[in-house]
Amino acid sequence: MNTAIELGLIYAIMALGVYVTFRILDFPDLTVDGSFTTGAAVAAISIVNGVNPYLTFLLAFVAGFLAGVITGLLHTKGRINGLLAGILTQIALYSINLRIMAKANVPLLGEETAISPLKDAGLIGGWGSIGIFAAVAILLALILAWFLHTDLGLAMQATGDNEKMIRSYGVNTDNQKILGLALSNALVGVSGAVVAQFQGFADIGMGIGLIIAGLASVILGQAIFGTRSILVAVLAVIAGSVLYRVAIQLALTVGLDPNDMKLVSAVLVVIALVVPQMPFFRRRKALVNRADPGGAAAAGAEAPTSPAGATAGAPAGAPDAPTAGGTR
Amino acid sequence: MLTLTDVNKTFFPGTVNERRALRGIELHLSEGDFVTVIGSNGAGKSTVLNVISGGLAPDSGTVTIDGRNVTRLKDHRRAALVGRVFQDPMAGTAPHLSIEENMAIADKRGATRMLGRGVTHAKRRRFREALSVLELGLENRLKAKVGLLSGGQRQALSLLMATFSDPRILLLDEHTAALDPQRAELVTRLTEQIVTDQGLTTLMVTHNMEQALRVGNRLVMMHDGQIILDLDEEQKCGKTVRDLLGEFEKIKGATLDDKTLLQ
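Because the structure is predicted, anything quoted here is derived from the model rather than measured.

1. Here's the deal with the sheet that holds strand 10 (residues 226-231) of chain B
Residue and element names in this part refer to chain B. With mixed pairing, six strands are arranged side by side in an open sheet as 6-7-8-3-9-10. Both edges of this open sheet fall to strand 6 (82-85) and strand 10, since each of them pairs with a single strand only. Here the strands of the sheet are splayed against their neighbours by 20° on average, with no regard to which way each runs. Two strands pair when backbone bridges link them, and strand 9 (residues 218-223) and strand 10 are joined in this way by five bridges, in the antiparallel orientation. Bridge assignment links Leu219 to a residue of strand 10, and that residue is Leu231. Sheet strands touched by helix 1 (residues 45-53): strand 3 (34-39), strand 6, strand 7 (169-173), strand 8 (201-205) and strand 9. Its angle to strand 7, the strand with the most contacts, is close to 145°. Lying on the sheet, helix 5 (residues 151-164) is in contact with strand 6 and strand 7; it crosses strand 6 at an angle near 175°.

2. Quick word on the sheet that holds strand 1 (residues 2-11) of chain B
In sheet architecture, strand pairing relies on hydrogen bonds along the backbone and comes in two forms, parallel and antiparallel. Residues and elements named next belong to chain B. One open sheet accounts for four strands, arranged 2-1-4-5; its pairing is antiparallel. Two strands bound the open sheet, and with one partner strand each, they are strand 2 (19-29) and strand 5 (68-69). Where strand 1 meets strand 4 (residues 60-65), five bridges bridge the pair, whose relative direction is antiparallel. Residue pairing across strands places Leu2 opposite Ile65, the latter belonging to strand 4. Sitting on the sheet, helix 1 is in contact with strand 1, strand 2 and strand 4, with an inclination near 115° to strand 1.

3. Section: the nonpolar core
Generally speaking, soluble globular proteins have nonpolar side chains that are buried together. In terms of nonpolar packing, the biggest core is built from 74 residues, with Leu9, Met14, Val18, Tyr19, Phe36 and Val234 of chain A touching the most fellow members. Sorting the residues of this core by element identifies helix 1 (2-24), helix 2 (32-48), helix 6 (127-148), helix 7 (151-161), helix 9 (173-199), helix 10 (210-225), helix 11 (230-253) and helix 12 (261-274) of chain A as the ones contributing at least two each. The dominant element in this core, judged by the number of residues it contributes, is helix 1 of chain A, at 15 residues. If we ignore the near neighbours within four places in the chain, the residues touching Val234 of chain A are Leu16, Tyr19, Ala141, Leu144 and Ala145 of chain A. Counting 41 residues, the second largest nonpolar core, distinct from the first, contains Met165 of chain A together with Phe34, Ala94 and Leu170 of chain B.

4. Remarks on the packing of aromatic side chains
Scanning the model with the defined rule gives five aromatic pairs over all chains in all. Pairing Phe61 of chain A with Phe65 of chain A gives two aromatic rings, centres 6.4 Å apart and planes at 25°, and the pair type is stacked. Of this pair, Phe61 of chain A and Phe65 of chain A both sit in helix 3 (residues 55-76), four residues apart, which is roughly one turn of the helix. Take Phe61 of chain A: its relative accessible area is 29%, and that puts it in the partly exposed class. Ring geometry for Phe127 of chain B against Phe164 of chain B: centres 5.8 Å apart, planes inclined by 65°, an arrangement best described as edge-to-face. Residue Phe127 of chain B is found in helix 4 (residues 121-132), and its partner Phe164 of chain B is found in helix 5; the two are separated by 37 residues along the sequence. Over the ring of Tyr11 of chain A we find Arg245 of chain A, and its NZ or CZ is 3.8 Å from the ring centre.

5. A word on unusual backbone geometry
For Arg79 of chain A, which is not a glycine, the phi torsion comes out positive at approximately 50°. Take Arg79 of chain A: it is sitting in the loop between helix 3 and helix 4 (82-101). The phi angle at Glu135 of chain B is positive, at roughly 55°, despite the residue not being glycine. Inspection of the secondary structure puts Glu135 of chain B in the loop between helix 4 and helix 5.

6. Some words on the side chain of Gln211 of chain B
Residue and element names in this part refer to chain B. Along the chain, Gln211 falls in helix 7 (residues 209-214). Residue class for Gln211 comes out buried when judged on its relative accessible area of 4%. The contacts of Gln211, once residues within four sequence positions are left out, are Thr176, Thr188, Met204 and Thr206.

7. Re the environment of Ala177 of chain B
Within the element layout of this structure, Ala177 of chain B appears in the loop between strand 7 and helix 6 (181-198). For the pair Ala177 of chain B and Arg113 of chain B, spaced 64 residues apart in the sequence, the C-alpha separation amounts to 33 Å.

8. As for the UniProt feature "transmembrane region" (unreviewed entry) in chain A
Residues and elements named next belong to chain A. In this structure's numbering, the residues bearing the UniProt feature "transmembrane region" (unreviewed entry) are residues 7-25, 54-75, 82-102, 122-148, 178-198, 204-225, 230-251 and 263-281. Structurally, residues 178-198 comprises 100% helix and 0% strand, and the distance from its first C-alpha atom to its last is 30 Å. End C-alpha to end C-alpha, residues 204-225 measures 34 Å, and it is 73% helix and 0% strand.

Rules used throughout
- Numbers given to residues run from 1 along each chain, matching the order in which its sequence is written.
- Whichever chain is written first is A, and whichever ligand is written first is 1; the rest continue in order.
- Only residues with pLDDT of 70 or above have their local features reported here, since the model is predicted, and side-chain atom pairs are shown and tallied only from 80 upward, although totals for entire chains, interfaces and linings are computed over all residues.
- For the side-chain quantities, the full set of heavy atoms in the structure was used; hydrogens and water were omitted.
- Should DSSP find at least two bridges between two strands, the strands are taken to pair.
- Helical segments are the DSSP runs of H or I of at least four residues, strand segments are the runs of E of at least two, and each set is numbered from the N terminus.
- To define axes, lines are fitted to C-alpha atoms, for helices over the stretch in contact only, and angles between the resulting N-to-C directions are given on a 0 to 180 degree scale.
- The contact criterion used throughout is that any non-hydrogen atoms of two residues lie within 4.5 Å.
- The nonpolar core is taken to be a set of buried Ala, Val, Leu, Ile, Met, Phe, Trp, Tyr and Cys residues, with the residues joined through side-chain atoms within 4.5 Å.
- Only protein chains enter the calculation, and the probe is 1.4 Å; a residue is then buried if its accessible area is under 20% of its type maximum, exposed if over 50%, and partly exposed in between.
- The criterion for an aromatic pair is that two Phe, Tyr or Trp rings (for Trp, the six-membered ring) have centres within 6.5 Å, with stacked assigned to planes under 30 degrees apart, edge-to-face to planes over 60 apart and tilted to the rest.
- In this analysis the charged atom, NZ for Lys or CZ for Arg, is taken to sit over a ring once it is within 6 Å of the ring centre and within 35 degrees of the ring normal.
- UniProt positions are given in the numbering used here, feature names are shortened, and annotations may be inferred rather than shown by experiment.

Right, here's the structure in full:
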């Protein structure tokens, strides 16, 4: 179980990347399957060639960043459908990853990795390493939350929210999408680098179907912990990633074998997507929306019907229907 | 301030659907002009706005704003000069962002956006002050998501945001058409107030002739991609909707005659 939590925290870095594209840019980016392996491949091959293991995270960041830029360019400048652009990059990366590794599997046995000190200290599989991995994931989540509240980050959020509007305020939405995809895949690449060092090898197939794990983490976490603010949302993604790995672990302990896990993942995502639409959950969500204090106050003050009141500008908020749902 | 010279735009050229949306538009707005634009559906009103904002590139002709030729600049590159409010109340704001975050986006119109904090205490004070002008109580709901506001509130906020960072030109595209009469009246009143206070050079498209006569200091009527009537403040004064319709019939009749002659 501890290993499942550790893995959940490491894969949470990838899930944060998926959050940026899927929730902020409203762009389901399938590059992830490729860029994750790219990050792992770059890290593994660098370590084998004697690069400082901590530096490999930076290299993986850059590699993932570039992968995201490619998808972004295909989508914005090449006007290719977003899903297709991601798949194209992902498939192209398969060959590139093989080129980077020169073979399908690069073992890191006996190499000094960023995880080795933890292993030597006997922390792996215990609360010590869970604490460290959690600290790293939360730190990255906090940085992401900070970024999304900067002027640049607000422009990125608006790009996914209302493209026409943000263009009218002078933002080049193409650049925003490219930057968002790049940052997302950079995080995914870093996650790949950590996973490779954690499990002691990089493998050409390690990224296959990973986007589902990322989406599952985002959707699961946010369905349970909500999206009241960006900060809650990013922390929910981390929690979702851990829950996802724990769920997988439970599925294994009840007798399913590892080959069934892709099916389990897919079913988990379907459940997380469909259940919140059920009547019971919808009603709960409506109640949460109504909890906005200003809205409640305004709803209490009926719009005046006299002409004098009307020209004075009614405190306006006769309880007309909210114009959009409050979830993200 | 704003000059359109011989602007032409044809949609779907060379096909059966070919439509000449603008034919040789000549329009000049002086600083502080508040021009209302009326015309039937398909007259080219929205196309004119889109050509000015950069959403559409004209086939020929030039657009000059504040002495700068912007004809080939894309919409987001012109945004520093042009503020816009759209017909759809949902179009001018980001629903999942809060009121203060939307204001922060508007505050940075056309500026380079870097890693500075989007909403600071100082900014929040300015936003609160600006929002209080609307008298909708929005200044007390800075953290509320814009998606929770009503259509009228959102349109009022859009208007405030569009005018917040001092654009050179304000474009209003039937921005009261989708609101109920009471809210439309409110937004119209706010528009007049803000435009007058800031002395904004404004182009307002409307379907409402009565509103077009009442608001602004100049009235332009379009038909079939051309400007067929241009009334200054004096000429506009005292005119009624009936007069406008009469003018329209007269000019439309004349163009019909022309066409008959040519056939």
